[in-house]
Amino acid sequence: MFLLALCRLSYAQPPTQDLAAYRLSVAQNSNNQLIKIDKTQQGIQLDLVYGSTNNFVKKPVYPRGLAYTFLRKPAYEALLAVVQELRQQGLGIQLFDAYRPYDVTRILWSIVPDERYAANPKKGSYHNRGLAVDLSVYDLKTGKLLPMGTGFDNFSDTAHHSFTDLPQAQRDNRALLKNVMARHGFTALDSEWWHYTFKTDTVYPVLNIPFAELAR
Ligand SMILES: C[C@@H](N)C(=O)N[C@H](C)C(=O)O
Ligand SMILES: [Zn+2]
């Protein structure tokens, strides 16, 4: 009984570092592919904070200066549709994070062991599955981020969607992001205005493959 309960808490398979198995899964189904996102796409700014000291760990937990990330193909295509829609309003997206190797989830959890703000390694994160994005919205003309009431990874009530004691413009900006993401299949996390998960019935495994290997 105890074992059964434990299994329900955990991911179906252990995290995999097996690049060959990942490549085979892509050959069998192209939706499994982790598509590279870099700065060449219009309307996408990258600020991958976990590759710098500008994060709550206060040191890089990704390769320093990392300038690309990945999303599974269906999530990537949905995000491009978000970018296209926002472009018509003179806006773009700034990505703080997308795919995250499992080992990094363990590091984040060791600092913030609170499931409202970091994924429990027992379950793995949707970032580990290539299905989650941390993002904000910027003005295409000025390159500046729209104010959202808190910065990224502000682990407090103020970052919750239910927190409404904010200037109207900031509430509108959060709603703008939430609505455009929802229209393209992404679900908000109640406790982080920047975190969205692409909803799919497909079960994707938790990956622990380093960025450099995926980029090869
Ligand atoms: C750590 C934060 N940026 C984040 O992504 N939190 C969610 C819950 C996660 O770790 O999946
Ligand atoms: Zn996130």
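Only a predicted model underlies this, so the values are computations on that prediction, with no experimental measurement involved.

Moving on: helix α5 (residues 168-183). Over its 16 residues, α5 runs 22 Å from end to end, which matches the ideal 22 Å to within 8%, given 1.5 Å per residue. For α5, the set of buried residues is Gln170, Asn173, Arg174, Leu177, Val180 and Met181. The buried residues of α5 occupy an angular sector of 140 degrees when projected down its axis, which confines them to one face. Where the residues of α5 are buried, they touch α3 (73-87), β5 (132-139), β6 (186-189) and β7 (192-198). Downstream of α5 by one or two residues, Gly185 has phi in the positive range, about 95 degrees.

A few words on helix α4 (residues 102-111). Those residues of α4 that fall on the buried side of the exposure criterion are Tyr102, Val104, Thr105, Leu108 and Trp109. Projection of α4 onto a plane perpendicular to its axis shows the buried side chains occupying an angular sector of 150 degrees, all on one side.

We now examine the site of ligand 1. The environment of ligand 1 is formed by 14 residues, the closest being Tyr50, Arg100, Ala119, Ser125 and Asp153. Side-chain polar atom of Tyr50 to a nitrogen atom of ligand 1: 3.0 Å apart, as the coordinates give it. Between ligand 1 and Tyr117 there is a distance of 3.0 Å, counted from a nitrogen atom to a backbone nitrogen or oxygen. Summarising the interface, the protein chains cover 95% of the accessible area of ligand 1, which totals 320 Å² for the free molecule.

Within the element layout of this structure, His127 appears in the loop between α4 and β5. From its side chain, His127 meets the backbone oxygen of Ala98 in a polar contact 2.7 Å long. In this structure, His127 is in contact with Asp97, Ala98, Tyr99, Arg100, Ala132, Val133, Asp134 and His195, ignoring residues within four places of it in sequence.

Further remarks concern the confidence of the model for the chain. Across the chain, pLDDT averages 94, with 94% of residues at or above 70. Counting interchain partners and residues more than four positions distant, the pLDDT-below-50 stretch residues 1-9 has two contacts. Scoring of the predicted complex yields 0.94 for pTM and 0.99 for ipTM.

Turning to the coordination of the zinc ion (ligand 2), a few remarks are in order. In an ideal tetrahedron of four donors about a metal, each angle is 109.5 degrees. In an ideal octahedron of six donors, the angles are 90 or 180 degrees. Coordination sphere of the zinc ion (ligand 2), protein contribution only: His127 (NE2), Asp134 (OD), Asp134 (OD) and His195 (ND1), at 1.9 to 2.7 Å. Along the chain, the residues donating to the zinc ion (ligand 2) are arranged with the sequence spacing H-x6-D-x60-H. Placement of Asp134 in strand β5 and of His195 in strand β7 is noted, with a sequence separation of 61 residues between them. One exposure class covers both Asp134 and His195, and it is buried.

Cut-offs and rules
Residues numbered from 1 in each chain as written. Chains lettered and ligands numbered in written order. Predicted model: local features only at pLDDT ≥ 70, side-chain atom pairs only at ≥ 80, totals over all residues. Heavy atoms only, no water. Helix = DSSP H or I, 4+ residues; strand = E, 2+ residues; numbered from the N terminus. Expected span 1.5 Å × (residues − 1). Buried < 20%, exposed > 50% of the residue type's maximum accessible area, 1.4 Å probe, protein only. Arc of directions from axis to C-beta. Contact = heavy atoms within 4.5 Å. Near = heavy atom within 4 Å. Polar contact = N/O pair within 3.5 Å; in protein donor to acceptor, adjacent residues only side chain to side chain. Areas by Shrake-Rupley, 256 points an atom, 1.4 Å probe, with all protein chains shown as cover. pLDDT = per-residue confidence, 0-100. Donors = N, O, S within 2.8 Å, 3.2 Å for Na, K, Ca; no water.

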